[in-house]
Amino acid sequence: MSAQVDGMDPAAGKAEPELTDGFHLVIDALRLNGIKTIYMVPGIPITDLGRYMQAEGLRVLSFRHEQNAGYAAAIAGYLTKRPGVCMTVSAPGFLNGLTALAHATTNCYPMILMSGSSEREIVDLMQGDYEEMDQLAIARPLAKAAFRVLHAEDIGIGIARAIRAAVSGRPGGVYLDLPAKLLGQAIDAAEGERSLVRVIDPAPAQLPAPEAVARALGVLEAAKRPLIILGKGAAYAQADDEIRALVEKSGVPYLPMSMAKGLLPDTHPQSAGAARSLVLQQSDTVMLIGARLNWLLSHGKGKAWGTEPKRFIHIDIEPREMDSNVEIAAPVVGDIGSCVSALVAAMGEDWPAPPSDWTREVREKVTANVERMAPRLQNNNVPMDYHGALGVLRTVINERPDAILVNEGANTLDFARSIIDMHKPRKRLDVGTWGVMGIGMGQAIAAAVETGHPVLAVEGDSAFGFSGMEIETICRYKLPICVVVFNNGGIYRGTDTNPSGGGDVATTVFVAGARYDRMIEAFGGTGYNATSPDELRRAVTEAMDSGRPALVNAVIDPASGTESGRIGNLNPQSVVRKK
Ligand code: OXT
Ligand code: ADP
Ligand code: MG
């Protein structure tokens, strides 16, 4: 769109050229490339950019803190395979968004952090500009790519580069620096239009080499105790039918990483989710699909992986991921859709089933673990424990398989992961590779906005605190989000005491008896206080069915958690003093 309608200059008596400017070129470039939603916090120098975006029909969601807008953009990228865009002001707003940019890069989510910045001439001479900061230099090590645009005629190419960098190959976070002066720069409208770039095929298919496919199948066929591990890269790829075909045709037990839960339903007969330790230890061959052998998989070695040597088949778009932790016997480099299709095609019609003593052993372990857990989920204890409360939420999700579950905390995260079954792909969004607290409200907002489905956000009380102010945002946009705060009065537990025996409360302890439900009432949402599983069931059912913003304060026994949930082993131990 042009910024100025042409008019007559009475003095010169001739028509002025139609002009456009940086503001409108940014908007036109985003729209040309199908970007429809912006997650942001307004302020100098991007306040008007937000207004013009709204005027031009983009959906512009204004947050209370850039970090939450950034987490929203990052997960929007994960859910849609298009870059989620977060827009911030200069220095402090940019820095607030940076954690989310790094998180996107770490988790392989396509995202663009687009920040206004101060004037280059002054910043580079360090003359103390308003919010002076060399943002490009700071963003670069945390992003997959980082660009700055200085001239209006380069906006089209700058945005095209940012989009392609975010989604092609291994997706990641991209930084785009937009100095204030750029936005006001005027150029001829026709020239501006010509400068825009439509990104054709932004994430091109990357086909695996036929010999890599043959090698992988050779390794799989020779396995006595094979295992498939599905990671969130497999969920991101949106190759759901192909992955299901591979799993079912191979007959191999599979283990979903947390955000891959639901890629095949957790109730699938080949799911080994409830026999995790057994399959990691006892398998002899492991096919990784869109999952890295990082800390979440104990780096592919050590006690968790048993004593027998393993052979790994690894499917990933990033060649450098191969051999990152252990030797990969069969690397298959390419996009997951292409790789998995090629494997399925090459398996032919008569692929042999894995040895039945192995699949039976896995199945028996799954059944035993599920049966052992079942009665605990039925308990109606007051105060609630994690099993009683999560047993209720498990039913809520079973009855609403399209709902999206957002989940963070320590115990609240770890128990929910194993208790709440997921039935469809990309329905479970959580803390990701870094185990970061604070993703909750941003992810919930983006999930509701991008998918239109209801969202259940299951939050530890500490976790919720990192983004809790965004419940105002949820109410403002009237989003179908039900937040359940698992209120055990602290980080991990609410029962710790100050080791000095006096003074302040312990570092992990919060105000006892806090009423988080009252917070949402301040903004017109519905608050519930639930002290028993029955009350929790009634509250969450009503909230989910209403489609309106709600927050349930779920009162959990302060003593029922454990330090760091299931990863307490990662806490270093002092040699000087035992707790
Ligand atoms: O096979 P075995 O026998 O081993 O059993 C396994 C499964 O087979 C079985 N299972 C089942 N059984 C029956 N039925 C079913 N359906 C079933 N499914 C599974 O159950 C067990 C366990 O299965 P799982 O979970 O798959 O296996 P496991 O061994 O746990 O898996 C290992 C991991 C590593 C893959 C897994 O544990 C994992 O994914 N962990 C992620 C952990 C994580 O990321 N945690 C978050 C970070 S913790 C900490 O750092 C926190 N902080 C610090 C902080 C952070 N993080 N960020 C920032 C910005 N600042 C500070 C803070 C502040 S947590 C935290 C707040 C905590 O307090 P809250 O109040 O929020 O929360 P509460 O703790 O609730 O109070
Ligand atoms: P999880 O935490 O679930 O184990 P990770 O984030 O560790 O998953 O791994 C995701 C992997 O998926 C990354 O190595 C990334 O390169 C890969 N990946 C992401 N998208 C694709 C894709 N479309 N095709 C192939 N690999 C992909
Ligand atoms: Mg807690």
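Here, every reference points to the structure presented above.
Please read these numbers as outputs of a predicted model, since none were measured by experiment.

Caption draft 1: Up close: the overall build of the protein. Helix and strand counts for the protein come out as 22 helices and 19 strands. In terms of overall dimensions, the protein has a C-alpha envelope of 90 × 65 × 50 Å along the principal axes. For the protein, long-range pairs separated by at least 24 residues make up 76% of all intrachain contacts whose partners lie at least 6 apart in sequence. Looking at the protein as shown, the accessible area adds up to about 24100 Å², and 53% of this sits on carbon and sulfur atoms.

Caption draft 2: Up close: the site of ligand 2. Near ligand 2 lie 19 residues; those nearest to it are Arg-170, Lys-232, Arg-292, Asp-316 and Ile-336. Interatomic distance of 3.4 Å between a backbone N/O atom of Gly-290 and an oxygen atom of ligand 2. The contact in question runs from a nitrogen atom of ligand 2 to an N or O atom on the backbone of Ile-336, over 2.9 Å. Out of a free accessible area of 580 Å², ligand 2 has 96% covered by protein chains. In terms of residue count, the dominant contributor to the shell around ligand 2 is helix H11 (residues 232–236) (3 residues). Its residues assigned to classes, the shell around ligand 2 shows 8 nonpolar, 6 polar and 5 charged.

Caption draft 3: Region of the structure containing the nonpolar core. With 91 residues, the main nonpolar core has Tyr-39, Ile-243 and Ile-289 as its most contacted residues. Of the residues forming this core, the biggest block, 9 residues, is contributed by helix H3 (residues 66–80). Those residues in contact with Tyr-39 that sit more than four places away from it in its chain are Leu-61, Phe-63, Ala-69, Ala-72, Ala-73, Ala-76, Val-85, Cys-86, Met-87, Ala-446, Val-449 and Glu-450. Residues Ala-29, Ile-46, Met-87 and Val-149 belong to the second largest nonpolar core, which totals 38 residues.

Caption draft 4: Seen up close, the site of ligand 1. Around ligand 1, 34 residues are found, and the nearest of them are Ser-277, Tyr-386, Thr-412, Asp-461 and Arg-566. Between an oxygen atom of ligand 1 and a side-chain N or O atom of Thr-412, the distance comes to 2.6 Å. In this structure, an oxygen atom belonging to ligand 1 sits 3.0 Å away from a main-chain N or O atom of Ala-463. Relative to its free-state accessible area of 1400 Å², ligand 1 is covered by the protein chains to the extent of 80%. Contributions of two or more residues to the shell around ligand 1 are made by helix H13 (276–282), helix H15 (356–377), helix H17 (411–419) and helix H19 (461–465). A total of 6 residues in the shell around ligand 1 trace back to one element, the largest contributor, which is H17. Residue composition of the shell around ligand 1, grouped by class: 17 nonpolar, 12 polar and 5 charged.

Caption draft 5: Main features of the pattern of salt bridges. Scanning all chains against the criterion turns up 24 salt bridges. The partner of Arg-64 in a salt bridge is Glu-472, and the shortest N-O contact between them spans 3.0 Å. Here the residue Arg-64 occupies a position in the loop between strand E3 (59–62) and H3, and Glu-472 occupies one in helix H20 (residues 471–476), the gap between them amounting to 408 residues. By relative accessible area, Arg-64 is classed as partly exposed at 42%. On the basis of relative accessible area, Glu-472 is assigned to the buried category, the value being 15%. Glu-321 serves as the salt-bridge partner of Arg-170, at 2.8 Å between the closest nitrogen and oxygen. Placement of Arg-170 in the loop between helix H7 (155–167) and strand E7 (173–179) and of Glu-321 in the loop between strand E12 (311–316) and strand E13 (330–333) is noted, with a sequence separation of 151 residues between them. Look at Glu-321 and you get buried, because its relative accessible area is 11%.

Caption draft 6: Molecular detail of the packing of helix H1 (residues 22–32) against H7. Between H1 and H7, the least distance of the axes is 9 Å, while the angle of their chain directions is 40 degrees. It follows from the interaxial angle that H1 and H7 lie oblique. Our pair here, H1 against H7, has a crossing hand that is right-handed. Where H1 approaches H7, its residues Gly-22, Leu-25, Val-26, Ala-29 and Leu-30 are matched on the opposing element by Ile-155, Gly-156 and Ile-159. Considered class by class, the residues forming the contact of H1 with H7 number 6 nonpolar, 2 polar and no charged.

Caption draft 7: Structural detail: the pairing of strand E16 (residues 455–460). When you tally the buried positions in E16, you get 6 out of 6 residues, the bulk of the element. In this structure, strand E14 (residues 404–408) lies alongside E16, joined through 5 bridges in parallel fashion. Counted as the bridge partner of Asn-407 is Val-458 from E16. Bridge count for E16 against strand E17 (residues 481–487) is 6 bridges, and the pairing is parallel. Within E17, the residue paired with Glu-459 across the bridge is Val-485.

Caption draft 8: Examining the packing of aromatic side chains more closely. Tallied over the full model, the rule gives 9 aromatic pairs. When the centroid spacing of 6.0 Å and the interplanar angle of 65 degrees are considered together, the rings of Tyr-39 and Phe-63 count as edge-to-face. Here Tyr-39, found in strand E2 (residues 37–40), pairs with Phe-63, found in the loop between E3 and H3; they are 24 residues apart in sequence, far enough to count as distant. The burial state of Tyr-39 is the same as that of Phe-63; both residues are buried. Ring geometry for Tyr-78 against Tyr-109: centres 5.3 Å apart, planes inclined by 55 degrees, an arrangement best described as tilted. With a gap of 31 residues between them, Tyr-78 in helix H3 and Tyr-109 in the loop between helix H4 (91–107) and strand E5 (111–117) connect regions that are remote in the sequence. The pair formed by Tyr-78 and Tyr-109 is uniform in burial state, with each residue classed as buried. Here the aromatic cluster, defined as three or more aromatic residues joined through ring pairs, consists of Tyr-78, Tyr-109 and Tyr-236. In this arrangement the basic side chain of Lys-81 is found over the ring face of Tyr-236, its NZ or CZ atom lying 5.6 Å from the centre.

Reading the values: rules and limits
- Residues numbered from 1 in each chain as written.
- Chains lettered and ligands numbered in written order.
- Predicted model: local features only at pLDDT ≥ 70, side-chain atom pairs only at ≥ 80, totals over all residues.
- Heavy atoms only, no water.
- Helix = DSSP H or I, 4+ residues; strand = E, 2+ residues; numbered from the N terminus.
- Contact = heavy atoms within 4.5 Å.
- Areas by Shrake-Rupley, 256 points an atom, 1.4 Å probe, with all protein chains shown as cover.
- Near = heavy atom within 4 Å.
- Polar contact = N/O pair within 3.5 Å; in protein donor to acceptor, adjacent residues only side chain to side chain.
- Nonpolar A, V, L, I, M, F, W, Y, C, P; charged D, E, K, R; others polar.
- Core = buried A, V, L, I, M, F, W, Y, C linked by side-chain atoms within 4.5 Å.
- Buried < 20%, exposed > 50% of the residue type's maximum accessible area, 1.4 Å probe, protein only.
- Salt bridge = Lys/Arg side-chain N within 4 Å of Asp/Glu carboxyl O.
- Axes fitted to C-alpha atoms, helices over the stretch in contact; angles between N-to-C directions.
- Parallel < 35°, antiparallel > 145°, perpendicular 65-115°, else oblique.
- Left-handed = near helix turned anticlockwise from the far one by under 90°.
- Pairing = 2+ DSSP bridges.
- Phe/Tyr/Trp six-rings, centres within 6.5 Å; stacked < 30°, edge-to-face > 60°.
- Lys NZ or Arg CZ within 6 Å of the ring centre and 35° of its normal.

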